[in-house]
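Now for the letters of each chain:
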2 protein chains.
Amino acid sequence: MAAYLNNQFCENDKAYLHVSDLSMQRGYGIFDFFRTENGIPLFMEDHLNRFYASAEAMHLPMRKSREELSSIIHDLINKSALTEAGIRIMLTGGYSADSYHPAEPNLLITCNPVKTSTEADFEKGFSIITHEHQRELPHVKSINYLMAVWLQPLLKEKKADDLLYFKNNIITEFPRSNVFIVTASNTLVTPLNNILKGITRKNILSIASEMMTVEERNITVDELLNASEVFLTATTKRIIPIVKIDGRIIVNGKPGIVTSSLYQKFIELEKSFTHLVSR
Amino acid sequence: MAAYLNNQFCENDKAYLHVSDLSMQRGYGIFDFFRTENGIPLFMEDHLNRFYASAEAMHLPMRKSREELSSIIHDLINKSALTEAGIRIMLTGGYSADSYHPAEPNLLITCNPVKTSTEADFEKGFSIITHEHQRELPHVKSINYLMAVWLQPLLKEKKADDLLYFKNNIITEFPRSNVFIVTASNTLVTPLNNILKGITRKNILSIASEMMTVEERNITVDELLNASEVFLTATTKRIIPIVKIDGRIIVNGKPGIVTSSLYQKFIELEKSFTHLVSR
């Protein structure tokens, strides 16, 4: 396991920041996260696009060029000697003199073993609960997961795998995943507003658009509960069918036909991607 | 300058946390902050009450007893050799194995020089802007200041000193201060709901209740703009008159009679407190 802190590589267990960093003082920082398969980073260009966009939206100057950053990440993957890893790039508010105003950002990249969802996880699906909340600055991949971490005891109490945020009766996203529904008329729909646009979400929209009608628009809680199929998408989870919502079984509690088809096609996309890049 | 990290004292410049800490990974942690004068911590019991309440509300187990914590803080003040200092006690989500679920919390206490508002700051007052936003878990002193830090360029652009949050036309608080108004009928009013209850706020309510009618209740933006006097309260700022709101001068742009009187009495309370404790 290796890491990169500002201008040098270090062992992961040496990746420390001083407590004056604004991430610790005020929860101020951004990040992005992607996986490698066979040592090849998956959809890295999309993740880097989002990382630079998050940095700009948060007024955090990113000093490394795209080319420098890519090169560092590839070196880090090589140093880590992990074929399947999670890469986390983080840019913080820096060592603030007054604990409030941002300073020169700290750039930190880690490469660690990662747990990816399995075929069995897909078959089992997720039982979820809904929770009224709107994330702050949802279009930015900030480190603010206050509500998500705070609600973990509630998830445990409800024996649920995850929670889906809604606000004013419109569903938005999971803390770390996007949501999709398949309607009775076989249209694939996913929220458009007040969300973080996931990279898996983008890939699924692309794959699905060749199979069926696809819409990005508001979805009410009622439409969710009456959907033919519901699933989530995320980098480490790919696609997970939602089989229960607030204790109510969705369809027959099994992965739906569209969900299963998209899952297969997404696995193929990942394979073609690693094949293409590795040639 | 000295610090205390988990079970030992260290130099402030050695106070580092590993990047796996949930404060950096997910902005998850709480803190409290108070000042010393002549080496005596001001209103420390109130701050410790709030610190333990924040820890409990955030499901973060605090392993040190009240007595142990007080003793550590007093030792830290002595080691730091600062007569006027800012003490920051912080409890984080800990070194999380999966970057998401809390682990054993890290306890960190720092003692640093502090800049306190002066008589001149009081005379000058603050020009502020209003901004629609509601903090997440407002009753907890969490490290989440995402919106406040993010809005700093807006403050600069508007040439304002601070910003006051409101939601659905009801004002709540500044990012780090409470708000008070004096009405035309000479009643002191401060918001009750969806705020962090400051220690200076508590002291001002206590002082004022012997001088005038005091109310804790909702205040609309309109009532704010038509108030006789407006001021904020905070640990490092004590009381600062608000002389301009969204470009509109409040009364005549000078500290009001009630505000000035409360300021004098609060300074006296601080003095009596340090005198009382130091006897």
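Refer to the preceding data block for the structure.
Here the structure is a predicted model, which is why all the values come from computation and not from measurement. (Residues numbered from 1 in each chain as written. Chains lettered and ligands numbered in written order. Predicted model: local features only at pLDDT ≥ 70, side-chain atom pairs only at ≥ 80, totals over all residues. Heavy atoms only, no water.)

1. Regarding the overall build of chain A
- Helix and strand counts for chain A come out as nine helices and 17 strands.
- In terms of overall size, chain A behaves like a compact globule, its C-alpha atoms giving a radius of gyration of 19 Å where 279 residues would be expected to give roughly 19 Å.
- Considered along the principal axes of its C-alpha atoms, chain A spans approximately 55 × 45 × 30 Å.
- When burial is assessed residue by residue, chain A has 58% of its 279 residues classed as buried.
- Considering only residue pairs separated by 6 or more positions, chain A has 70% of its internal contacts joining residues 24 or more positions apart.
- When the accessible surface of chain A is summed, it comes to about 11,900 Å², and 50% of that surface belongs to carbon and sulfur atoms.
- When the 30 positive and 32 negative side-chain charges of chain A are each reduced to one mean point, those points stand 3 Å apart. (Helix = DSSP H or I, 4+ residues; strand = E, 2+ residues; numbered from the N terminus. Rg over C-alpha atoms; globule rule 2.2 N^0.38 Å. Buried < 20%, exposed > 50% of the residue type's maximum accessible area, 1.4 Å probe, protein only. Contact = heavy atoms within 4.5 Å. Areas by Shrake-Rupley, 256 points an atom, 1.4 Å probe, with all protein chains shown as cover. Lys, Arg positive; Asp, Glu negative; His and termini not counted. Charge placed at Lys NZ, Arg CZ, Asp CG, Glu CD.)

2. Notes on the sheet that holds strand β5 (residues 40–41) of chain B
Residue and element names in this part refer to chain B.
- The strand order β2-β1-β7-β6-β4-β5 describes an open sheet built from six strands, whose pairing is antiparallel. Single-partner strands in this sheet number two, and they are β2 (8–11) and β5.
- As judged from the two bridges shared by strand β4 (residues 29–37) and β5, these two strands associate in the antiparallel manner. Considered in β5, the bridge of E37 is made with I40.
- In this fold helix α2 (residues 44–57) packs onto β4, β5, β6 (85–92) and β7 (107–113), with an angle of close to 175° to the strand it touches most, β4. (Pairing = 2+ DSSP bridges. Axes fitted to C-alpha atoms, helices over the stretch in contact; angles between N-to-C directions.)

3. Remarks on the packing of aromatic side chains
- By the definition in use, this model includes 14 aromatic pairs over all chains.
- Between the aromatic rings of Y4(B) and F9(B), the centroid separation amounts to 5.0 Å while the plane-to-plane angle is 70°, which identifies the pairing as edge-to-face.
- Using a relative accessible area of 4% as the deciding quantity, one classes Y4(B) as buried.
- Judged by centre distance (4.0 Å) and plane angle (15°), the ring pair of F122(B) and Y263(B) falls under stacked. Taken together, the positions of F122(B) in helix α4 (residues 119–124) and Y263(B) in helix α9 (residues 257–278) put the pair 141 residues apart, joining distant regions of the chain.
- The exposure class assigned to F122(B) is buried, which follows from its relative accessible area of 2%.
- Residue class for Y263(B) comes out buried when judged on its relative accessible area of 2%.
- Taken together, the ring pairs connect F43(A), F266(A) and F273(A) into an aromatic cluster.
- Stacked on the ring of Y100(B), the Lys or Arg R176(A) has its end atom at 3.3 Å from the ring centre.
- In this arrangement the basic side chain of K79(B) is found over the ring face of F9(B), its NZ or CZ atom lying 4.7 Å from the centre. (Phe/Tyr/Trp six-rings, centres within 6.5 Å; stacked < 30°, edge-to-face > 60°. Lys NZ or Arg CZ within 6 Å of the ring centre and 35° of its normal.)

4. Some remarks on the pattern of salt bridges
- Applying the stated rule across the entire model yields 26 salt bridges over all chains.
- The salt bridge partner of R50(A) is D32(A), with a shortest N-O separation of 2.8 Å. Of the two residues, R50(A) is situated in helix α2 (residues 44–57) and D32(A) in strand β4 (residues 29–37); the sequence distance between them amounts to 18 residues. An identical accessibility class is assigned to R50(A) and D32(A); each is buried.
- With a closest N to O distance of 2.8 Å, E223(B) and R217(B) form a salt bridge.
- Several salt bridges converge on common partners, so that one network encompasses R35(A), E37(A), R238(A) and E270(A). (Salt bridge = Lys/Arg side-chain N within 4 Å of Asp/Glu carboxyl O.)

5. Some thoughts on the nonpolar core
- I73(A), I89(A), I109(A), I73(B), I89(B) and I109(B) are the most contacted members of the largest nonpolar core, which has 100 residues in total.
- Each residue touching I73(B), except ones within four places of it in the same chain, is listed here: F34(B), M44(B), L48(B), I87(B), I89(B) and I109(B). (Core = buried A, V, L, I, M, F, W, Y, C linked by side-chain atoms within 4.5 Å.)

6. Some details on the relation of the copies chain A and chain B
- Mapping chain A onto chain B calls for a rotation angle of 180° and an axial translation of 0.0 Å; the resulting RMSD is 0.0 Å. Seen this way, the second copy is the image of the first under a two-fold rotation axis. Relative to the rotation axis, the closest C-alpha in chain A is found at G27(A), a distance of 2.1 Å.
- Comparing contact sets, 100% of the residues at the interface of chain A also lie at the interface in chain B, consistent with an isologous, same-surface contact. (Least-squares fit on C-alpha atoms with pLDDT ≥ 70 in both.)

7. Quick look at the environment of G256(A)
- Structurally, G256(A) is set in the loop between β17 (248–249) and α9 (257–278).
- The buried category is assigned to G256(A), whose relative accessible area is 14%.

8. Considerations on the interface of chain A and chain B
- Facing 44 residues of chain A, the contacting portion of chain B comprises 44 residues.
- Approximately 4,100 Å² of surface area, both sides summed, lies buried where chain A meets chain B, with 60% of it carried by carbon and sulfur atoms.
- Between the two partners, chain A and chain B, sit zero salt bridges.
- Counting every contact that joins chain A to chain B gives 17 residue pairs in polar contact (both at pLDDT 80 or more).
- Broken down by secondary-structure element, the contributors of at least two residues to the side of chain A that touches chain B are β3 (16–18), α1 (22–26), β6 (85–92), β7 (107–113), α5 (146–150) and α6 (152–157) of chain A. (Buried area = accessible area lost by both parts, 1.4 Å probe. Polar contact = N/O pair within 3.5 Å; in protein donor to acceptor, adjacent residues only side chain to side chain.)

9. Things to note about α2(B)
Residues and elements named next belong to chain B.
- For α2, with 14 residues, the first-to-last C-alpha span of 20 Å sits near the 20 Å given by 1.5 Å per residue.
- Along α2, the residues classified as buried are M44, D46, H47, L48, R50, F51, S54 and A55.
- Elements in contact with the buried residues of α2: β4, β5, α3 (66–80), β6, β7 and α7 (199–208).
- Note on α2: the residue one or two positions beyond its end, H59, has a positive phi of about 60°. (Expected span 1.5 Å × (residues − 1).)

10. Describing the sheet that holds strand β2 (residues 8–11) of chain A
Residue and element names in this part refer to chain A.
- Spatially, the six strands line up as an open sheet ordered β2-β1-β7-β6-β4-β5, and their pairing is antiparallel. Both edges of this open sheet fall to β2 and β5 (40–41), since each of them pairs with a single strand only.
- The sheet contacts of helix α3 (residues 66–80) involve β1 (2–5), β2, β4, β5, β6 and β7, and relative to β7 the element is tilted by about 35°.

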